Protein chains: 4
Amino acid sequence: MKVVVPNKLAMKRLQETKVKRINSDQNTIIDLNDVHIGEGFFTVIAGPCALESEELAINTAKAVENAGAKIFRCSLFKPRTSPYTYQGYGIDGVKLLKLLHDETNLLLETEVLSTDHLDALAGEADILRIGSRNMDNYELLKAVGKTNKPIILKRNMSATLEEFLLAAEYILSVGNDKVILCERGIRTFENYTRNTLDILAVPALKELTHLPVIVDPSHSTGKSSLVPAASKAALAAGADGLMIEVHPDPLRSYSDGEQSIDLPTFNKLMKDLSEMANLLGKKSSTPVLS
Amino acid sequence: MKVVVPNKLAMKRLQETKVKRINSDQNTIIDLNDVHIGEGFFTVIAGPCALESEELAINTAKAVENAGAKIFRCSLFKPRTSPYTYQGYGIDGVKLLKLLHDETNLLLETEVLSTDHLDALAGEADILRIGSRNMDNYELLKAVGKTNKPIILKRNMSATLEEFLLAAEYILSVGNDKVILCERGIRTFENYTRNTLDILAVPALKELTHLPVIVDPSHSTGKSSLVPAASKAALAAGADGLMIEVHPDPLRSYSDGEQSIDLPTFNKLMKDLSEMANLLGKKSSTPVLS
Amino acid sequence: MKVVVPNKLAMKRLQETKVKRINSDQNTIIDLNDVHIGEGFFTVIAGPCALESEELAINTAKAVENAGAKIFRCSLFKPRTSPYTYQGYGIDGVKLLKLLHDETNLLLETEVLSTDHLDALAGEADILRIGSRNMDNYELLKAVGKTNKPIILKRNMSATLEEFLLAAEYILSVGNDKVILCERGIRTFENYTRNTLDILAVPALKELTHLPVIVDPSHSTGKSSLVPAASKAALAAGADGLMIEVHPDPLRSYSDGEQSIDLPTFNKLMKDLSEMANLLGKKSSTPVLS
Amino acid sequence: MKVVVPNKLAMKRLQETKVKRINSDQNTIIDLNDVHIGEGFFTVIAGPCALESEELAINTAKAVENAGAKIFRCSLFKPRTSPYTYQGYGIDGVKLLKLLHDETNLLLETEVLSTDHLDALAGEADILRIGSRNMDNYELLKAVGKTNKPIILKRNMSATLEEFLLAAEYILSVGNDKVILCERGIRTFENYTRNTLDILAVPALKELTHLPVIVDPSHSTGKSSLVPAASKAALAAGADGLMIEVHPDPLRSYSDGEQSIDLPTFNKLMKDLSEMANLLGKKSSTPVLS
């Protein structure tokens with residue numbers, strides 16, 4: 001049967017963009033203090049859903065560093081569906097970032113929700129994150145782009161791949177090409193999982209663009225029991241890395257506890273990923289994986 | 001295996017909110033210079049997708065005013081998927097709002113994309129709009145809420161009704177209860193229409209909340225030929241109003257031309273809606289409909 | 001913005017079909033003992049989800065006939081998700097159809113699940129129904145087509161409009177053009193309603209085909225409180241009729257009780273629909289509506 | 001307002017079923033002439049979309065056998081969206097199955113579309129397949145169940161995991177527990193791929209049931225370039241096997257040419273899968289993989 005090809009127009013629009021892949025050796029590899037992100041490498045970002053306290057931050061950071069992660073997930077703000085649930089540590093948490101830089105060798109990435117906090121966050125974090133809710137917030141995309149920091153751009157849960165890439169284009173169009181695309185699950189009728197991990201977005205994005213592609217196995221599953229399988233599937237599908245929620249005591253987490261894995265599970269997973277990355281010929285940014 | 005049960009938690013969360021409907025005579029009716037928006041009334045907002053020029057603005061405004069509309073759609077900014085397509089008139093367009101206030105008796109509503117322009121827009125517009133892409137932009141929701149202007153909140157194309165109502169709650173939680181909910185189509189597998197108009201969101205939202213509910217028949221269909229049917233269905237389903245894209249020459253529109261109806265179609269539709277509203281016992285804010 | 005038009009290929013495939021609309025006066029109107037189904041008419045089919053007993057069948061039939069319905073929904077088999085739930089009356093129920101024909105003037109429509117029962121059912125029923133689960137059961141489509149009875153074809157909950165029309169084409173391709181298309185809700189992420197009523201399928205199908213189009217407001221909503229709004233929206237959107245689940249005591253229904261309306265609600269709804277059909281210039285097959 | 005809570009009821013319904021997993025060592029392993037299908041093994045089924053000719057059948061069968069496949073995909077009937085496209089070889093093709101049994105050592109699996117052909121197909125094939133369009137065809141499920149052959153049950157493109165398992169229960173309820181579940185992509189808004197491969201269905205189904213779970217990387221992607229990534233992701237996610245469309249000359253295929261991989265690609269993929277299965281501790285039913 002002839003397959004419907006609905007994205008002819010989409011692909012035509014992508015022709016004119018900077019995100020479009022021209023040929024196979026044109027991959028963007030981001031290098032941050034010898035941590036490489038992009039084709040041929042496999043990089044794990046890990047940390048709790050939200051930085052709830054100094055103690056949680058330091059303890060978790062040291063634990064994931066020991067397990068081989070090189071980048072720490074630092075979320076100071078939690079965009080929450082309800083105004084009456086935990087909203088995160090807030091901008092004061094920048095002091096936690098300073099502390100984490102002092103106490104560990106981890107790179108730090110953090111979510112930017114609003115231009116109001118951009119200077120403070122960009123002053124301390126190594127990588128900025130645009131969450132899925134803000135993928136279409138074009139003013140914010142241009143503002144973070146201008147910091148010239150590497151940007152993790154999470155796919156909106158209802159964005160097509162074309163829309164995802166055109167959102168990235170907002171960042172590249174202001175002169176910043178250090179964009180890391182993050183697939184984190186799309187919204188479908190299936191609700192056994194929190195979202196449906198669109199695993200084929202990984203090889204599809206690798207076909208369409210030169211940018212690094214990572215996967216969030218935590219938000220896409222919503223269930224800690226499925227995180228290891230999602231992580232291995234992402235690596236096997238060609239992802240350049242993962243962003244994993246890890247919490248020393250998931251059931252006491254202020255948010256997203258059901259999808260965070262504990263430290264023993266994380267250690268075991270890192271070992272398994274290291275072996276598989278090795279088999280697949282991926283170099284690794286992390287000691288355990290190299 | 002703990003299974004996620006989305007609705008139970010949702011309904012529990014809604015229990016504690018200000019948007020929740022307690023009993024049937026608790027409807028919020030917004031009154032702006034004798035234009036009423038809410039249960040028992042039917043109010044039409046109309047105008048071009050974007051204000052492209054002074055001439056277009058004035059001519060279209062006078063035409064829709066003659067046809068019975070009382071509120072004019074004034075979009076100065078167009079959030080566009082691609083950074084390389086028409087982005088709208090920009091903040092200078094506030095002078096167009098002044099002009100429209102001088103030349104017509106229409107109320108003016110306009111989209112707010114960023115807190116940067118909030119003061120300028122709130123200084124002139126009668127109603128502020130949060131577009132579907134920004135439904136989850138909680139910082140912006142709180143900021144527009146504080147202006148104390150009536151706010152049209154458009155449903156994100158992948159938001160459940162619960163998420164839609166909790167986004168409204170961000171506005172109510174800062175003390176502004178003049179929120180108008182706008183159903184504008186959700187994203188599904190069906191692509192004959194641009195989105196799938198979730199017509200049952202109208203009676204469902206009327207069950208769940210006391211807030212006014214309107215429908216955007218233009219973005220939900222993406223096809224001008226379907227706009228009249230969508231408009232009548234919305235009224236029959238219990239909507240309190242419509243936001244319709246009207247353009248004197250749709251094919252020359254800079255954006256969304258395929259979904260804008262022309263003036264003769266709009267005039268005919270207003271007449272049909274007036275008769276149906278009359279049959280349904282709806283009072284109208286507009287001369288033609290009363 | 002230029003709208004993506006993904007169904008160009010689809011429309012090309014439809015060019016060659018018998019279901020394709022050529023011009024606006026080519027409507028198929030089915031005439032069964034002076035009950036007309038098609039453009040310009042509005043016909044209500046009503047009855048319980050399943051015929052549970054002779055008493056239920058007769059009582060409900062007489063009540064809906066009094067209220068103005070001309071066709072009775074007779075489901076002898078219930079295709080159920082689980083093999084351990086009520087599966088329906090079974091083929092013995094053909095004697096109920098005989099009884100209903102004796103005791104009322106209603107036309108009878110019934111669902112065909114398998115070719116095994118086709119002769120028995122076609123021998124007594126006036127209209128055959130293909131349920132949404134069997135829309136893709138092409139062998140069954142051809143078999144029912146050959147009976148030359150009018151066929152109600154329900155849209156599969158994940159079928160595009162193109163797929164829906166091509167399924168109808170299986171029936172027309174064996175020489176039977178008495179196909180009634182029934183929109184009954186599609187599967188989306190939204191789960192406040194059982195399905196999402198794709199109301200715009202009604203005018204869209206009327207653009208694309210000459211066949212009658214009706215709506216099932218019961219399965220599409222899954223909630224009796226929303227059935228009246230869904231019914232009126234369907235009529236306003238241009239539907240040629242409705243198939244409504246009615247039960248004298250919905251809470252005691254063996255199946256789908258949550259979505260069945262009771263008799264007083266049905267009577268009130270029929271009155272409201274009659275007035276609206278009148279306003280819209282629709283003739284009616286039913287006394288109350290005429 | 002009573003809210004539908006789909007999963008709670010679902011899980012309650014699954015409690016009473018035979019498909020429900022009780023504990024971790026209760027896995028169903030199907031053994032067919034020393035080809036094992038189930039937990040701990042990895043089995044590849046391969047073949048063209050449809051058996052177009054004797055020559056195609058024999059040549060492709062020998063080639064995939066050489067590459068290590070042990071089961072051959074034999075589709076004599078193609079359920080097609082349009083009645084005017086190629087509908088398959090037809091029931092005469094049973095002679096092709098005989099020939100394939102004579103000329104190769106492959107096990108043969110074939111799709112059953114209707115009870116009319118069941119005896120003829122079950123007389124020659126080793127495994128019967130229920131396609132996704134027939135997952136809800138409960139009469140057919142019970143009929144194939146009674147043959148006591150192993151049954152590959154493909155997930156309907158809009159079925160939840162619960163509905164998928166309850167469809168399997170129709171087969172187990174007639175006494176046949178040799179059911180192989182096949183994830184083949186679900187229908188979502190994303191249309192870069194033909195369907196969205198729900199990769200997390202694999203570990204989720206392994207949690208919920210004792211049945212073997214395989215993946216169809218061809219229909220889920222619709223693009224041959226993505227098939228290798230989808231196959232590896234499936235293995236990494238815990239799948240017990242794959243069903244892959246292979247064609248010696250995909251561009252000349254009568255159907256599904258865009259998603260079929262050619263023989264060199266298949267050979268390379270089998271080698272890669274073998275190494276990964278080895279690393280993951282999976283035994284294999286196929287020489288190359290062992």
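If you're wondering where the values come from, they're calculated on a predicted model, not measured in any experiment.

Peer 1: Even after reading the chapter, I still don't get the overall build of chain A, so can you show me in this structure?
Peer 2: Helix and strand counts for chain A come out as 10 helices and 11 strands. The C-alpha radius of gyration of chain A comes to 18 Å, within 12% of the 19 Å expected for a compact globule of 290 residues. Based on the C-alpha atoms only, the size of chain A along its principal axes is roughly 55 × 45 × 40 Å. Put simply, chain A has 290 residues, and 64% of those count as buried. Counted over contacts in chain A with a minimum sequence separation of 6, partners at least 24 positions apart contribute 68%.

Peer 1: Looking at this model, I keep getting lost on the relation of the copies chain A and chain D. Mind explaining?
Peer 2: Note: a rotation about an axis with an accompanying shift along it relates these two copies of the chain. Between the two copies, chain A and chain D, the superposition gives an RMSD of 0.0 Å; the rotation angle is 180° and the shift along the axis is 0.0 Å. Each copy turns onto its partner about a two-fold axis. No C-alpha of chain A lies nearer the rotation axis than that of A:Ala233, which sits 2.1 Å from it. Most of the interface of chain A is mirrored in chain D, where 95% of its interface residues again form contacts.

Peer 1: What am I meant to see in the interface of chain A and chain D here?
Peer 2: When the parts of a complex come together, some accessible area is lost, and that lost area is often used as the size of the interface. Residue-level contacts link 37 residues of chain A with 42 residues of chain D. Mapped onto the side of chain A that touches chain D, the elements with two or more residues apiece are helix 7 (201-208), helix 9 (227-237) and helix 10 (263-279) of chain A. Take the side of chain A that touches chain D: its biggest share by element is seven residues, from helix 9 of chain A. Considered class by class, the residues forming the side of chain A that touches chain D number 22 nonpolar, 10 polar and five charged.

Peer 1: What am I meant to see in the confidence of the model for chain A here?
Peer 2: As a note on interpretation, predicted positions should not be read in detail where pLDDT is low. All names here are of chain A. Per-residue confidence for chain A gives a mean pLDDT of 90, with 93% of residues at or over 70. For residues 1-10, every residue scores under 50 in pLDDT, and the model assigns this stretch 22 contacts once sequence neighbours within four places are set aside. Both scores are available for the predicted complex, with the pTM at 0.93 and the ipTM at 0.93.

Peer 1: Would you mind showing me how to read the packing of helix 5 (residues 138-146) of chain B against helix 6 (residues 161-172) of chain B here?
Peer 2: When two helices pack together, their arrangement is given by the angle between their axes and by how far apart the axes lie. Residues and elements named next belong to chain B. Remark: helix 5 packs on helix 6, axes separated minimally by 7 Å, with the N-to-C direction vectors making an angle of 45°. Judged by the angle between their axes, helix 5 and helix 6 are oblique. Relative to helix 6, helix 5 is oriented so that their crossing is right-handed. Between helix 5 and helix 6, the contacting residues are Tyr-138, Leu-141, Lys-142, Val-144 and Gly-145 on the first element and Ala-167, Tyr-170 and Ile-171 on the second.

Peer 1: Looking at this model, I keep getting lost on the pairing of strand 5 (residues 107-111) of chain A. Mind explaining?
Peer 2: Along any regular strand the residues' side chains alternate between the sheet's two faces. Residue and element names in this part refer to chain A. For strand 5, the buried fraction is high: five of the five residues fall into the buried class. Alternating residues of strand 5 divide into Leu-107, Glu-109 and Glu-111 and Leu-108 and Thr-110, and every residue in both groups is buried. Two strands pair when backbone bridges link them, and strand 4 (residues 71-74) and strand 5 are joined in this way by four bridges, in the parallel orientation. Along strand 5, the bridge assignment pairs Cys-74 with Thr-110. Between strand 4 and its parallel partner strand 5, the chain crosses via helix 3 (residues 94-103), and the hand of that crossover is right-handed. Pairing geometry for strand 5 and strand 6 (residues 127-130), over three bridges, is parallel. If you follow Thr-110 over to strand 6, its bridge partner there is Leu-128. Handedness of the crossover joining strand 5 and strand 6 through helix 4 (residues 118-124): right-handed.

Peer 1: Just to check I follow, could you spell out the packing of helix 2 (residues 54-67) of chain B against helix 10 (residues 263-279) of chain B for this structure?
Peer 2: Residue and element names in this part refer to chain B. Close contact between helix 2 and helix 10 brings their axes to 9 Å; oriented N to C, the two are set at 25°. Here helix 10 runs roughly parallel to helix 2, going by the angle between their axes. The element helix 2 and its partner helix 10 pack so that their crossing is right-handed. Of helix 10, the residues touching helix 2 (which contributes Ala-63, Val-64 and Ala-67) are Leu-263, Phe-266, Asn-267 and Met-270. Taken together, the residues of the contact of helix 2 with helix 10 break down into six nonpolar, one polar and no charged.

Peer 1: How should I be thinking about unusual backbone geometry in this particular structure?
Peer 2: Residues and elements named next belong to chain B. The phi torsion at Asp-34 lies on the positive side, around 70°, for a residue other than glycine. The residue Asp-34 is located in the loop between strand 1 (30-32) and strand 2 (35-37) in this model. The exposed category is assigned to Asp-34, around which 7 C-beta atoms lie within 10 Å.

Peer 1: Looking at this structure, I do not really get helix 3 (residues 94-103) of chain C. What am I missing?
Peer 2: Note on helix geometry: an α-helix contains 3.6 residues per turn, so any two residues three or four positions apart are oriented the same way. All names here are of chain C. Of all the residues in helix 3, the buried ones are Leu-96, Leu-97 and Leu-100. Along the axis of helix 3, the buried residues cluster in a sector spanning 105°; they form a single face. Turned more than 90 degrees away from the buried face of helix 3, the exposed residues are Lys-95 and Asp-102. On its buried side, helix 3 packs onto helix 2 (54-67), strand 4 (71-74), strand 5 (107-111) and helix 4 (118-124).

Peer 1: I tried to follow helix 5 (residues 138-146) of chain C on my own but got confused; where do I start?
Peer 2: Residue and element names in this part refer to chain C. Across the nine residues that make up helix 5, a large majority, seven, are buried. Within the span of helix 5, buried status applies to Tyr-138, Glu-139, Leu-140, Leu-141, Ala-143, Val-144 and Gly-145. At its buried positions, helix 5 is contacted by helix 4, strand 6 (127-130), strand 7 (151-154) and helix 6 (161-172). Of the residues trailing helix 5, Asn-148 is marked for its positive phi of about 65°.

Peer 1: Whenever I open this one, the environment of A:Asp126 confuses me. Can you help?
Peer 2: Residues and elements named next belong to chain A. If you trace the backbone, Asp-126 turns up in the loop between helix 4 and strand 6. The buried category is assigned to Asp-126, around which 20 C-beta atoms lie within 10 Å. C-alpha separation for the pair Asp-126 and Glu-162, spaced 36 residues apart in sequence, amounts to 27 Å.

Peer 1: Any chance you could explain the environment of B:Leu121 here in plain terms?
Peer 2: Residues and elements named next belong to chain B. Along the chain, Leu-121 turns up in helix 4 (residues 118-124). Given 26 C-beta atoms within a 10 Å radius, Leu-121 is considered buried. Distance in space between the C-alpha atoms of Leu-121 and Gly-93 is 9.3 Å, their sequence separation being 28 residues. For Leu-121, the residues in contact, after removing those within four places along its chain, are Val-94, Thr-110, Val-112 and Leu-128.

Peer 1: Looking at this structure, I do not really get the environment of B:Met157. What am I missing?
Peer 2: With respect to the helices and strands, the residue B:Met157 is situated in the loop between strand 7 (151-154) and helix 6. The contacts of B:Met157, once residues within four sequence positions are left out, are A:Ser158, B:Ser132, B:Gly185, B:Ile186, B:Arg187 and B:Asn195.

Parameters at a glance
Residues numbered from 1 in each chain as written. Chains lettered and ligands numbered in written order. Predicted model: local features only at pLDDT ≥ 70, side-chain atom pairs only at ≥ 80, totals over all residues. Helix = DSSP H or I, 4+ residues; strand = E, 2+ residues; numbered from the N terminus. Rg over C-alpha atoms; globule rule 2.2 N^0.38 Å. Buried ≥ 20, exposed ≤ 12 C-beta atoms within 10 Å, placed from the backbone. Contact = placed C-beta atoms within 7 Å. Least-squares fit on C-alpha atoms with pLDDT ≥ 70 in both. Nonpolar A, V, L, I, M, F, W, Y, C, P; charged D, E, K, R; others polar. pLDDT = per-residue confidence, 0-100. Axes fitted to C-alpha atoms, helices over the stretch in contact; angles between N-to-C directions. Parallel < 35°, antiparallel > 145°, perpendicular 65-115°, else oblique. Left-handed = near helix turned anticlockwise from the far one by under 90°. Pairing = 2+ DSSP bridges. Right-handed = clockwise from strand over helix to strand, strands pointing away. Arc of directions from axis to C-beta.

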